[in-house]
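# Architecture and fold: a report
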Amino acid sequence: MTTARAWWRQLPAFMAKPKSPWGGGGDGPGDNDDTGGAPDESGAGPRNPWAQPPGGRPRTGRVSSLDELLKRARAGGGGTGGGGFKLPGGASSRNLWLGGAGLVLVAWIGLTSFHVIGPQERGVVTYFGKYSGTLSPGWQVTLPAPISSVQVVNIDQIRSFQFPENEGANLVLTEDQYLVDLGYTVRWRIADPQQYVFELKGPDDTVKAAAESAVRAAVATTSLDKVIGNGKADIEAQVKNSMQKVLDEYQAGIVIVGVSLNNASAPAAAMDAFKDVSVAQQEAANSVNAARAWAQQLLAAAEGEAASFDRVYAQYKLAPDVTRRRMYYETMEQVLGQTNKTIIEPRGVAPYLPIPPGRPLPSAPQGGQ
C-alpha cells in the first residue's frame, strides 16, 4: 500500500514553473509551447488559449497544475481509486483528531461539572453511586460524570394523584357490610431529597399503595351513613395520619399535604336498592325525630307539673288549713265550672226554691202518709 504525500506539500512542485494560459509567462521563446501559449504567425502576441492552433490541428492540451492537484486530492494523493474527499493522513491527521477529542472532552466536563440549582430545587450528589451530599440553590460545581452525578429534586412542588385513575369503580367495604364506590385524591411533596432518592425504589408507587391501604382501613371502621354523609372529614384526617405514619416508618422523605374524598356513592349495580334503603332510612329517621319531639313535650309538661306541686307543697307546709281550703275551692271550681246549675245545701238551712207564679204550692203530708 502506497502512502500518498500530503497534497499541500506537493503544491510548491506544481507551482515552481507557472505558465499563463495565454503564453508569455516564460523567460524566452522556448517557454511557449503549442498549447495556445505561442504567438501567432504575424507576431501579434499570444493567442486565445481556447482557440484552434495554427494549421487546424486539434490541441493536445496538457493537464494543468490545478487539475492535477484536484485529481490527486480526490484520489487520495496520486492513486487511481475511488472518488470522494479524504482527510489527509500522517502526523497532521493525528493532531486534528487529538484536537477534536480534546474539544469533546472539555465540553463533556463543562456540561457534567457545572450545575444550576433553582430556588425550589435541591441536588442529590453521588460519587460512583454512593451518596455524597445535597446541593443548595445556585451555581454548583462537582466532579464530571461518570465520577459524580447529580439528581435534581423539586421540594416545593405539590404532587397529587387520583384514585381510581380510570372510570372504573373502586368498591370499599364499610363497617355495616355495605359496598361503597369511593374515589379520592392525595396531595404530597418531598421533604427530604436524600431519603426520597435512596430509601425507596418507587416512591410514587409507595405513596399510592399506602393511600389505598389507609383508605380501606378507615372506611372499614365507619358506617355507610358517615361515609356518604357528614363523616368524610373524619375519614380524610384518619387517612392522612395513617399514611404519614407508614411513610415515616419507611423513611420515605415525603409529607402528605392532604386527602380529599371526591366520590362516595353506591355501586351502579345496586343503585335502585340503595335508593330504597335510603328512603326507608329517612322515613325511620323522621319517625324517630317525631317520637323524640313528643317525648320532649311530655317531659316538659311533667316537669312543669312537678315544679307546680313543689311550690304548692312549700305553701302547704307554712299554712296547712288555708292551703287545703284553697286547693278544695280551686278543685271544685274546675269541676263545677262546666255545669249549668249548681245547688249547695248547707247544714240546718232549708234551701230556697223560687216557684214560678201560677203554679200551686205542694200540700204538706198528713198523718203518716
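Within any chain, residue numbers begin from 1 and follow the written order of that chain's sequence. Predicted model: local features are reported for residues with pLDDT of at least 70 only, side-chain atom pairs are reported and counted for 80 or more only, and whole-chain, interface and lining totals are derived from all residues. Values shown for side chains rest on all heavy atoms present in the structure; no hydrogens or waters enter the calculation.

## Digging into the packing of aromatic side chains
Aromatic pairs are defined between Phe, Tyr and Trp rings, using the six-membered ring for Trp, whenever the two ring centres lie within 6.5 Å; interplanar angles under 30 degrees are classed as stacked, those over 60 as edge-to-face, and all others as tilted. Summed over all chains, the structure comprises 4 aromatic pairs. Their ring planes at 35° and their centres at 6.5 Å tell us that W188 and Y196 sit as a pair that is tilted. Neither W188 nor Y196 differs from the other in exposure class; each is buried. Plain terms: the ring middles of Y328 and Y329 are 5.9 Å apart, the flat faces sit at 55° to each other, and that makes the pair tilted. Note on classification: 1.4 Å probe, protein chains only; a residue is buried when its accessible area is under 20% of the maximum for its type, exposed when over 50%, partly exposed between these limits. Overall, the relative accessible area of 46% leaves Y329 in the partly exposed class. K208 extends its terminal NZ or CZ atom over the ring of F161, reaching a point 5.9 Å from the ring centre. Only lysine NZ and arginine CZ atoms are considered, and such an atom sits over a ring when it is within 6 Å of the ring centre and within 35 degrees of the ring normal.

## A few points about the side chain of S148
Here a helix means four or more residues in a row that DSSP labels H or I, a strand means two or more in a row labelled E, and each is numbered from the N terminus. Tracing the chain through its elements places S148 in strand β5 (residues 148-154). S148 gets classed as buried once you look at its relative accessible area, which sits at 3%. Whether two residues are in contact is decided by their heavy atoms: any pair within 4.5 Å suffices. Setting aside residues up to four positions removed in sequence, S148 forms contacts with T126, Y127, T142 and L143.

## A few points about the pattern of salt bridges
Throughout this description, the term salt bridge denotes a Lys or Arg side-chain nitrogen within 4 Å of a carboxyl oxygen of Asp or Glu. The full count for this structure, using the stated rule, is 4 salt bridges. Residue R324 pairs with D321 through a salt bridge whose shortest N-O separation is 3.0 Å. Here R324 and its partner D321 are both found in helix α9 (residues 320-336), 3 residues apart, which amounts to about one turn of the helix. Of the residues examined, R324 reaches a relative accessible area of 44% and is grouped as partly exposed.

## Some details on a nonpolar patch on the surface
Here, patches come from residues exposed beyond 30% relative accessible area and free of salt bridges, joined within 9 Å for like charges and within 5 Å for nonpolar side chains (Val, Leu, Ile, Met, Phe, Trp, Tyr). Here the accessible surface of atoms and residues is derived via Shrake-Rupley with a 1.4 Å probe, and residues count as covered only by protein chains that are part of the display. Together, F114, V116, W139 and V141 make up a nonpolar patch on the protein surface, roughly 490 Å² of accessible area in all. Tracing the backbone shows W139 in strand β4 (residues 138-141). On the basis of relative accessible area, W139 is assigned to the exposed category, the value being 68%.

## What about helix α7 (residues 232-250)?
Expected helix span is taken as 1.5 Å per residue step, with the number of steps being one fewer than the number of residues. With 19 residues, α7 ought to run about 27 Å at 1.5 Å a step, and its terminal C-alpha atoms sit 27 Å apart, in line with that. For α7, the full list of buried residues reads I235, V239, M243, Q244 and L247. The buried side chains of α7 occupy one side of the element, clustering within an arc of 160° when seen end-on. Those residues of α7 that are exposed and angled more than 90 degrees off the buried face are A233, D234, N241, K245 and E249. The elements touched by buried residues of α7 are β8 (179-190), α5 (203-219), α6 (224-228) and β9 (254-265). Positive backbone phi, at 55°, marks Q251, one or two positions downstream of α7. In this description, the arc belongs to the directions extending from the helix axis to the C-beta atoms.

## Remarks on the packing of helix α8 (residues 271-318) against α9
Lines fitted to the C-alpha atoms define the axes, with helices restricted to the stretch that makes contact. Angles between their N-to-C directions range from 0 to 180 degrees. At a minimum axis separation of 6 Å, α8 and α9 run at an interaxial angle of 135°. It follows from the interaxial angle that α8 and α9 lie oblique. Mapping the contact onto sequence places V312, Q315, Y316, K317 and L318 in α8 and P320, T323, R324, R326 and M327 in α9. Classifying every residue of the contact of α8 with α9 by side-chain character gives 5 nonpolar, 2 polar and 3 charged. Should an angle fall under 35 degrees it is taken as roughly parallel, and over 145 as roughly antiparallel, whereas 65 to 115 is taken as roughly perpendicular and any remaining angle as oblique. Gly is put with the polar residues, along with every residue not named as nonpolar or charged; the nonpolar set is Ala, Val, Leu, Ile, Met, Phe, Trp, Tyr, Cys and Pro, and the charged set is Asp, Glu, Lys and Arg.

## Details of the confidence of the model for the chain
Predictor confidence is given residue by residue as pLDDT, running from a minimum of 0 to a maximum of 100. The pLDDT averaged across the chain works out to 76; a share of 68% of its residues lies at or above 70. Averaged pLDDT values for the elements of the chain fall to 54 in helix α1 (residues 11-14) and rise to 93 in α7. Per-residue pLDDT stays below 50 along residues 24-43; that stretch engages in 30 contacts with residues further than four places along the chain or on separate chains. Ignoring residues within four places in sequence, the model shows residues 77-85, a span with pLDDT below 50, making 8 contacts including any to other chains.

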